[in-house]
Amino acid sequence: MSAVDDVAAEVKDWLGENWDPDLTVGEWWERLGTSGWAAPALPADAFGKGLSREESVRVQRTIAEFGALGAPGGLGLLLAAPTIATHGDEAQKQLYISEIVTGRKAWCQLFSEPNAGSDLAGLQTRAERDGDEFVINGQKVWTSGGQVADMGMLLARTDVDVPKHQGISYFAIDMHQPGIEVRPLREMTGRALFNEVFLTDARVPADAVIGGLNNGWAVANTTLAFERAGLGAGGGSEAGGAATPGTVAGNLGKRAGDFVQGMSQRGAAMPGVMSGASNRLLVELAKQHGKIDDPTVRQDLMRLHTLNEIARFMSLRQKALRTSGGDIPGLGNIAKLSMSQILRLSRDLGLRILGPHGTLHAYTAEDRTRLDEATGQPANAMVTEMALFTQAPSIYGGTDEVQHNILGERVLGLPKEPSNDRTTAFRDLPKNG
Ligand SMILES: Cc1cc2nc3c(=O)[nH]c(=O)nc-3n(C[C@H](O)[C@H](O)[C@H](O)COP(=O)(O)OP(=O)(O)OC[C@H]3O[C@@H](n4cnc5c(N)ncnc54)[C@H](O)[C@@H]3O)c2cc1C
């Protein structure tokens with residue numbers, strides 16, 4: 001048996017002794033999180049088991065196959081926990097990571113601002129010291145899950161007299177306070193996944209600085225690296241199980257077993273682009289809509305299959321190289337670009353297959369039921385939903401243009417754009433707005 005099979009057998013034994021569908025979600029996640037199986041890729045001193053990525057993917061699959069509820073999803077587990085495990089002190093690991101792996105707290109990422117997205121280091125939210133606390137003033141935007149978050153990974157400026165990358169600190173901030181206002185933003189899919197967040201004299205204790213004062217840029221880059229790795233692997237901002245962690249969503253007191261069915265339904269609602277699931281869906285749709293003999297549709301289905309296969313082989317190659325201590329520079333950026341390309345092709349092909357039906361999209365659950373009945377084609381909604389969402393992945397986690405810049409500068413060694421960012425104090429730099 002391989003090491004991965006050993007791990008699968010171990011988690012299966014553990015599930016046999018511990019899984020009980022009649023526990024509440026909160027009780028189950030307490031067991032899973034404190035055992036190390038919720039986030040097994042984290043180090044053992046940070047509520048994990050120090051497993052490889054391949055082993056931890058196998059753990060997740062084994063939990064799903066066993067029919068148990070998976071680990072609490074969201075940005076806490078995906079981004080905050082590994083960042084705090086890398087840069088946090090012992091007390092921070094104990095406090096924040098234990099709350100994440102047990103699903104007690106949900107997190108959001110308070111990075112982007114109206115004038116600081118691609119140029120994230122240009123952020124203007126200020127954090128000023130006041131005794132044992134910092135006082136925060138500013139505005140964040142595109143904050144995914146901000147409306148259900150208990151905690152935020154906050155980047156704020158703590159020194160304006162040094163170059164912009166050097167005066168930023170990374171805080172763990174409590175979202176439940178009068179100084180924080182979260183306003184949902186409606187997207188063109190009809191959903192409101194992200195928000196504007198206004199911080200007005202919000203407070204955060206000084207011991208909630210992660211990775212040291214004015215060292216926030218290095219800490220943020222760790223978060224961004226975990227984000228890119230998750231996205232390139234086909235995950236997303238909302239990776240995780242069907243139950244939502246944290247105190248706001250209200251799932252913690254519900255029966256754990258009731259969310260297990262939801263996991264497979266959720267998987268079907270957003271086809272996995274990197275797994276080829278969308279390819280199979282599109283083949284089926286082309287048959288149903290009488291387009292499977294159209295040579296241009298067939299050609300694009302093959303292009304999509306080829307791109308998915310190349311992405312899969314690249315990921316396998318990277319895994320094999322990592323096992324032997326090697327790496328492919330820039331592969332994370334390339335994987336993200338490839339995901340954007342696959343999504344765009346899926347969108348164009350899907351809409352071509354649907355024809356005029358592709359112009360019909362339901363924005364609420366009730367309208368969706370009516371539309372499904374009217375067209376007799378419930379799969380249509382997946383295509384229109386994906387088509388409307390396709391713009392997002394080429395923007396979040398660093399836009400396609402920014403990925404190209406990184407590849408050009410850091411991998412190909414092309415000259416950087418001229419800039420005085422690294423030599424001039426932030427207060428003296430020109431600002432956007
Ligand atoms: C669905 C979604 C969820 C998100 N969730 C979060 C979240 O939870 N937390 C968070 O903090 N942020 C989040 N974001 C924000 C995301 O990280 C930013 O949108 C992204 O970094 C781009 O920033 P911007 O929107 O300000 O665009 P800008 O930076 O203003 O860019 C505008 C255009 O200019 C191009 N451009 C900018 N600079 C360069 C350059 N140097 N060279 C070439 N082209 C350039 C860009 O590629 C883009 O096309 C989310 C975004 C989306 C779409």
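Cut-off values and rules
- Residues numbered from 1 in each chain as written.
- Predicted model: local features only at pLDDT ≥ 70, side-chain atom pairs only at ≥ 80, totals over all residues.
- Heavy atoms only, no water.
- Salt bridge = Lys/Arg side-chain N within 4 Å of Asp/Glu carboxyl O.
- Helix = DSSP H or I, 4+ residues; strand = E, 2+ residues; numbered from the N terminus.
- Buried < 20%, exposed > 50% of the residue type's maximum accessible area, 1.4 Å probe, protein only.
- Contact = heavy atoms within 4.5 Å.
- Near = heavy atom within 4 Å.
- Polar contact = N/O pair within 3.5 Å; in protein donor to acceptor, adjacent residues only side chain to side chain.
- Areas by Shrake-Rupley, 256 points an atom, 1.4 Å probe, with all protein chains shown as cover.
- Nonpolar A, V, L, I, M, F, W, Y, C, P; charged D, E, K, R; others polar.
- Core = buried A, V, L, I, M, F, W, Y, C linked by side-chain atoms within 4.5 Å.
- Expected span 1.5 Å × (residues − 1).
- pLDDT = per-residue confidence, 0-100.
- Phe/Tyr/Trp six-rings, centres within 6.5 Å; stacked < 30°, edge-to-face > 60°.
- Lys NZ or Arg CZ within 6 Å of the ring centre and 35° of its normal.

Novice: Can you help me understand the pattern of salt bridges in this one?
Specialist: Oppositely charged side chains may form a pair once their charged atoms are brought near each other. For the structure on display, the rule yields 25 salt bridges. Of the charged contacts in the structure, one is a salt bridge between arginine 303 and aspartate 300, with a shortest N-O distance of 3.3 Å. Of this pair, arginine 303 and aspartate 300 both sit in helix α9 (residues 295-323), separated by three residues, roughly a single helical turn. Here arginine 303 falls in the partly exposed class, since its relative accessible area comes to 43%. One salt bridge connects aspartate 300 with arginine 352, and the closest N-O pair in it is separated by 2.4 Å. One end of the pair, aspartate 300, is in helix α9; the other, arginine 352, is in helix α10 (residues 331-354), with 52 residues separating them in the sequence. Via salt bridges that share partners, Asp22, Arg255 and Asp258 belong to a single interconnected network.

Novice: Got a minute to help me understand the side chain of lysine 93 in this structure?
Specialist: Following the sequence through the fold, lysine 93 ends up in helix α5 (residues 90-101). Overall, the relative accessible area of 8% leaves lysine 93 in the buried class. With sequence-adjacent residues up to four places away left out, lysine 93 is seen in contact with Asp45, Ala46, Phe47, Ile84, Ala85, Gly88 and Ser98.

Novice: Which parts of the structure should I look at to understand the site of the ligand?
Specialist: Close to the ligand lie 16 residues, the nearest being Ser112, Ser118, Trp142, Thr399 and Glu401. Residue serine 112 places a main-chain N or O atom 2.7 Å away from an oxygen atom belonging to the ligand. Contacts to the ligand include serine 118, whose side-chain N or O atom sits 2.6 Å from an oxygen atom. Calculation on the ligand without its partners gives an accessible area of 980 Å², and the protein chains cover 67% of this total. Residues that form the shell around the ligand fall into these classes: six nonpolar, nine polar and one charged.

Novice: Sorry, what's going on with the environment of lysine 431 here?
Specialist: Within the secondary structure layout, lysine 431 lies in the segment after α13 (400-411). What makes lysine 431 partly exposed here is its relative accessible area of 33%. Residues lysine 431 and glutamate 385, 46 residues apart in the sequence, show an inter-C-alpha distance of 37 Å. Beyond its immediate stretch of four places on either side in the chain, lysine 431 contacts Gln124 and Phe426. Reaching out from lysine 431, the side chain makes a polar contact with the backbone oxygen of phenylalanine 426 at a distance of 2.8 Å. Among the polar contacts listed, one links the side chain of lysine 431 to the backbone oxygen of leucine 429, at a separation of 2.8 Å.

Novice: Honestly, the nonpolar core in this entry has me stumped. Any pointers?
Specialist: Membership of the largest hydrophobic core comes to 70 residues, with the highest contact counts inside it found for Trp28, Leu32, Leu69, Ile97, Trp107, Ile136 and Ile173. For this core, the element with the highest residue contribution is helix α4 (residues 75-87), accounting for six residues. If we skip the residues at most four places from it in the chain, isoleucine 136 touches Thr125, Arg126, Ala127, Leu154, Ile173, Leu199, Thr200, Asp201, Ala202 and Val204. Counting residues in each nonpolar core, the second largest holds 16 residues, with Val297, Leu307, Ile342 and Ile353 among its members.

Novice: Where do I start with α9 in this structure?
Specialist: Note: α-helices contain 3.6 residues per turn, so residues at a spacing of three or four share the same orientation. Helix length check: α9 (29 residues) gives 42 Å between terminal C-alpha atoms against 42 Å at 1.5 Å per residue, within 8%. Those residues of α9 that sit buried are Val297, Asp300, Leu301, Leu304, Leu307, Asn308, Ala311 and Gln318. Downstream of α9 by a residue or two, glycine 325 has a phi angle that is positive, lying close to 85°.

Novice: Any chance you could explain the environment of arginine 312 here in plain terms?
Specialist: Tracing the backbone through its elements, the reader meets arginine 312 in helix α9. Owing to a relative accessible area of 39%, arginine 312 belongs among the partly exposed residues under this scheme. Put simply, arginine 312 and glutamate 113 are 199 residues apart on the chain and 34 Å apart in space, counted from C-alpha to C-alpha.

Novice: Help me out: how do you make sense of the confidence of the model for the chain in this one?
Specialist: With 93% of its residues at a pLDDT of 70 or more, the chain has an overall mean of 90. Note on residues 234-240: pLDDT under 50 across the span, and 16 contacts to partners over four residues away in sequence or across chains.

Novice: Quick question: what am I supposed to make of the environment of tryptophan 19 here?
Specialist: Mapped onto the fold, tryptophan 19 is located in the loop between α1 (3-18) and α2 (25-35). Residue tryptophan 19 is classed as buried on the basis of its relative accessible area, which comes to 15%. Separated by 12 residues in sequence, tryptophan 19 and arginine 31 have C-alpha atoms that sit 8.8 Å apart.

Novice: Is there a simple way to explain the packing of aromatic side chains in this structure?
Specialist: Aromatic rings considered in pairs are described by the distance between their centres and by the relative angle of their planes. Summed over the entire model, instances satisfying the criterion amount to seven aromatic pairs. With centroids separated by 5.7 Å and ring planes inclined at 40°, the aromatic side chains of tryptophan 14 and tryptophan 28 adopt a geometry described as tilted. Taken as a pair, tryptophan 14 in helix α1 and tryptophan 28 in helix α2 lie far apart in primary sequence, 14 residues in all. Residue classification places tryptophan 14 among the buried residues on the basis of a relative accessible area of 16%. Tryptophan 28 gets classed as buried once you look at its relative accessible area, which sits at 0%. Pairing tryptophan 19 with tryptophan 28 gives two aromatic rings, centres 4.9 Å apart and planes at 75°, and the pair type is edge-to-face. Aromatic ring contacts, followed pair by pair, group Trp14, Trp19 and Trp28 into a single cluster. Above the ring of tryptophan 37, the side-chain terminus of lysine 49 is found at 4.5 Å from the ring centroid.

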